[in-house]
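What the coordinates show
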Amino acid sequence: MQVIPAIDVLNGKVVRLAQGDYARVTEYGDDPLSLARAYRRAGAKRVHLVDLTAARTGNLGGCFPELVRALTREVEVQAGGGIRDLKEVQLLLDAGASAVVIGTLLLRQPDVVRSAVTLFGKESIIGALDVDGAEVRIAGWRQGSAFDLRSAVRLARECGLRRILVTDIRRDGMGSGPNSGLYAALKKQFPGLDITASGGVRSVSDLHVLSEARLDAVVVGKALLEDPSLLASFMGVQEVFSPVDPPRAERGDDLAIRIIPCLDVTGGRVVKGTSFGNLRDAGDPVELAKRYCAEGADELVFLDITATSDGRDTVVELASRVADAVNIPFTIGGGVRSVADARSLLEAGADKVAVNSAAVRDPSLLEIMANELGSANTVCAIDARRKDGGWTVLVCGGRDDTGIDAMAWAEDAERRGAGELLVTSFDRDGTGTGFDTDLLARIREKVSVPVIASGGGGSLGTFVDAVRLGRADAVLAASVFHFGTFSVRDVKTALRDASFPVRL
Amino acid sequence: MIVRLHSPQIGILRSSTGNIGSIERSLQRLGIASCVVGTAAEIGKTDGLIFPGAGAALPVMNDLKDRCLVEVLRNYSKPFLGICLGMQLLFDTSEEGPADCLGIIRGKVVELPGTVRKPHMGWNRLSTGEYAYFVHSFVCAPTDSRVITITVQHGIEIVAAVRKENFFGLQWHPEKSGETGDRFLSFFVRLCK
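Criteria and thresholds
Residues numbered from 1 in each chain as written. Chains lettered and ligands numbered in written order. Predicted model: local features only at pLDDT ≥ 70, side-chain atom pairs only at ≥ 80, totals over all residues. Contact = placed C-beta atoms within 7 Å. Helix = DSSP H or I, 4+ residues; strand = E, 2+ residues; numbered from the N terminus. Nonpolar A, V, L, I, M, F, W, Y, C, P; charged D, E, K, R; others polar. Pairing = 2+ DSSP bridges. Axes fitted to C-alpha atoms, helices over the stretch in contact; angles between N-to-C directions. Domains from an automatic or database assignment. Buried ≥ 20, exposed ≤ 12 C-beta atoms within 10 Å, placed from the backbone. Arc of directions from axis to C-beta. Left-handed = near helix turned anticlockwise from the far one by under 90°. Right-handed = clockwise from strand over helix to strand, strands pointing away.

Some words on the interface of chain B and chain A
Across the contact, 41 residues belong to chain B and 38 residues belong to chain A. Listing elements by their share of the side of chain B that touches chain A, those giving two or more residues are helix H1 (21-29), strand E8 (120-125), strand E9 (131-136), strand E11 (148-154), strand E12 (156-164) and helix H6 (178-191) of chain B. Counting residues per element, the side of chain B that touches chain A draws most heavily on H6(B), at 9 residues. Here the residues of the side of chain B that touches chain A sort into 15 nonpolar, 14 polar and 12 charged.

Have a look at this one:
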């Protein structure tokens, strides 16, 4: 448990207020810097600096950031008092504060706190709740907030805060001992949050009680100001009771398995058939894109199956319309023959371009695309069919068998700069009988770039198998989504139930 | 483009290789006025600047040098947001090239180790709990860990966001990260007022 001495500053002087009452001020000199230095020498790692002037007026004093700057040369500082907006948070952080303490603003404008956590990091913001019996008080304790402590803590957690400082107003500056029952209950209810106690600590035994309640830190004010001889023993508590860091868990990987609805388009409409024939109309591509985006699709793939050169303008226009409509990545493929084709799609707003037949015919296309447009934008689509115990590569929408070994082509494509492989099993495509997990697993073993499983998506179990057995990084399907067999969310739920990470 | 009186003028830095359309569209969807800027004079008129770098470090740095923008960016005093390569260029040097970068944040940019899957592509869970979309093979290694604001796990811990004073960097793509990205962009724009 960290022991954090408090330094409250009012008009340049170090003070304590009794129960937050500005009429009951005790002064302790006008040299916060020397005080901070003394605390640091005694073993304090951090001080809790409060601008009481600003806490009352809501105006961050002109010299307060300077004081923060001076103190941070001596010791870590968490600073607060009257923070009104995002810019003031930044001002104090830029002055060197390790964290900014936010109270009133948290309850009045939680969205600002949420944005502060997002922009500056959750370690940089501490939520401060001043509790008076059942209610949390704001504006320097003068106003009620209509929040009870637990709902305020929940709100803080929703804002992304990890550290909460709870001050018991009735005990603060009274030297009556901390309200350890309150803190213990809070820590028990919110074990994931760091709870710092504040208010009423008199003695080392008070600290021991809080430490046993598993509090993470305690702010101590008046006791140390009144009796500096306590300093050494107070700071000593940090050593005795400092929790042993749990062994660092092995680094995991939280990368989600991507679920990708695929939209086959021709003449500006979405179609999908069985084994690349038998087209059925399933709607407007942009409307479908928006629907999938709202449904939780991680990415979209559009394949232009017309693939005649006169259709290029339509697909470029499609890229542009989709880019206007969605805020997730999407890939366009089908009929891309040159780096110029790919460039025009990227410039229109596509995130990635998939090449298939053209790359098989001239593998250097992958190198040129990777060099000129970037590997991350270059997807190599591979259509494979089982043959003689292996797989061969098909081109021209499955019409021509090249006789090329699919494994060798996958490796070659990666070596030449493809940033991702979209692997479609021609045998399974449109059948709904499950992905070719052998094919996927074999390719996945050969390459380091992500592999998208395609062709054969049927029941929810087939998607789980693509990941479990095929070890796919992403799974693509069309018909099951277009015709509403199930939703993207259903697939993700099935994967989550099978313990795979998904974005839900 | 929606132009409102008193709304901050967000500049999007034009780059020789990067695709700036996505970020432009994101801001447009959020109702945030923006304009594409390319010269020191244009940059000087902005209340905030977004650098959606894409491509490789060396050519983009060379391009900035050719356009005499290195000092302009270093001295930029309003909120600045570097995305992906735009974040990496905030550091001293990059192994990608190798290249000398802007040197605004101490540290270097290194290639992801061979032990993890490369590129780091897809949606990963940020230390904030939200999911964001990543596509990159190089990662930032700040000298001072205090600049790190968000991390992410991909076999190793990867720096997902940094901040030093008015310079913000995101390794992920807010323009492609659904609501997570929309939220970050609108929060960033708040700082530009």
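A look at unusual backbone geometry
That bond from Gly97(B) to Pro98(B) is cis: its omega, -5°, falls within 30 degrees of zero. As for its placement among the helices and strands, Pro98(B) is situated in the loop between strand E5 (93-94) and strand E6 (99-100). The linkage connecting Lys118(B) with the following residue, Pro119(B), adopts the cis geometry, with an omega of -10°. At Ser499(A), a position not held by glycine, the phi torsion is positive, near 70°.

What about the sheet that holds strand E3 (residues 48-51) of chain B?
Backbone-to-backbone hydrogen bonds pair the strands of a sheet. The strands run either parallel or antiparallel. Residue and element names in this part refer to chain B. Judged by pairing direction, the sheet is mixed, and its 7 strands sit side by side in the order E2-E1-E3-E4-E13-E12-E11 without closing on themselves. What marks the edges here is a single partner per strand, and that holds for strand E2 (34-37) and E11. On average, each strand axis in the sheet is inclined to that of its neighbour by 25°, with strand direction left out of account. In the sheet, strand E1 (residues 10-13) pairs with E2 via 4 bridges, with the strands oriented parallel.

Considering the domain arrangement of chain A
Domain assignment breaks chain A into domain 1 (2-241) and domain 2 (259-497). Summarising the inter-unit geometry, the C-alpha centres of domain 1 of chain A and domain 2 of chain A are found 54 Å apart.

Regarding the environment of Gly169(B)
All names here are of chain B. Here glycine 169 is to be found in strand E13 (residues 167-170). Put simply, glycine 169 and isoleucine 105 are 64 residues apart on the chain and 10.0 Å apart in space, counted from C-alpha to C-alpha. When residues no more than four places from it in sequence are discounted, the contact partners of glycine 169 are Gly82, Met87, Leu90, Ala161 and Val162.

Some points on helix H3 (residues 64-72) of chain A
All names here are of chain A. Listed as buried for H3 are Phe64, Pro65, Leu67, Val68 and Leu71. Seen end-on, H3 carries its buried residues on one side only, within an arc spanning 155°. Packed against the buried residues of H3 are strand E1 (2-10), helix H1 (32-42), strand E4 (46-51), helix H2 (52-57), strand E5 (76-80) and helix H4 (86-94).

Focus: the packing of helix H17 (residues 406-416) of chain A against helix H18 (residues 437-446) of chain A
Residues and elements named next belong to chain A. Close contact between H17 and H18 brings their axes to 9 Å; oriented N to C, the two are set at 35°. Of the two elements, H17 crosses H18, and the hand of that crossing is right-handed. Contacts between H17 and H18 involve Met407, Ala410 and Glu411 from the former and Arg442, Ile443 and Lys446 from the latter. Classifying every residue of the contact of H17 with H18 by side-chain character gives 3 nonpolar, no polar and 3 charged.

Thoughts on the pairing of strand E12 (residues 217-220) of chain A
All names here are of chain A. Side-chain alternation along E12 places Ala217 and Val219 on one buried face and Val218 and Val220 on a second face that is also buried. For strand E11 (residues 194-198) and E12, the ladder comprises 3 bridges, and the chain directions are parallel. Considered in E12, the bridge of serine 198 is made with valine 219. For the crossover that starts at E11, traverses helix H9 (residues 204-212) and ends in the parallel E12, the hand is right-handed.

Examining the pairing of E1(A)
All names here are of chain A. Counting buried residues in E1 gives 8 out of 9 residues, a clear majority hidden from the surface. Here 4 bridges tie E1 to E12, and the two strands are oriented parallel to one another. Along E12, the bridge assignment pairs valine 3 with valine 218. Sheet topology places E1 next to E4; 4 bridges connect them, and they run parallel. When the bridges of E4 are listed, isoleucine 7 appears paired with leucine 49. As judged from the 3 bridges shared by E1 and strand E2 (residues 13-18), these two strands associate in the antiparallel manner. Across the sheet, the residue bridging to valine 9 is valine 14, located in E2. Turn length for the E1-E2 hairpin, with the two strands adjacent in sequence and antiparallel, is 2 residues, and the turn residue asparagine 11 shows positive phi of about 50°.

Focus on helix H8 (residues 180-189) of chain A
Residues and elements named next belong to chain A. Here H8 has its buried residues at Ser180, Tyr183 and Leu186. Burial along H8 is one-sided: seen end-on, the buried residues are contained in an arc of 130°. Opposite its buried face, H8 presents the exposed residues Gly181 and Lys188, each directed more than 90 degrees away. The inward-facing, buried residues of H8 contact helix H7 (149-158), strand E10 (163-168), E11 and H9.

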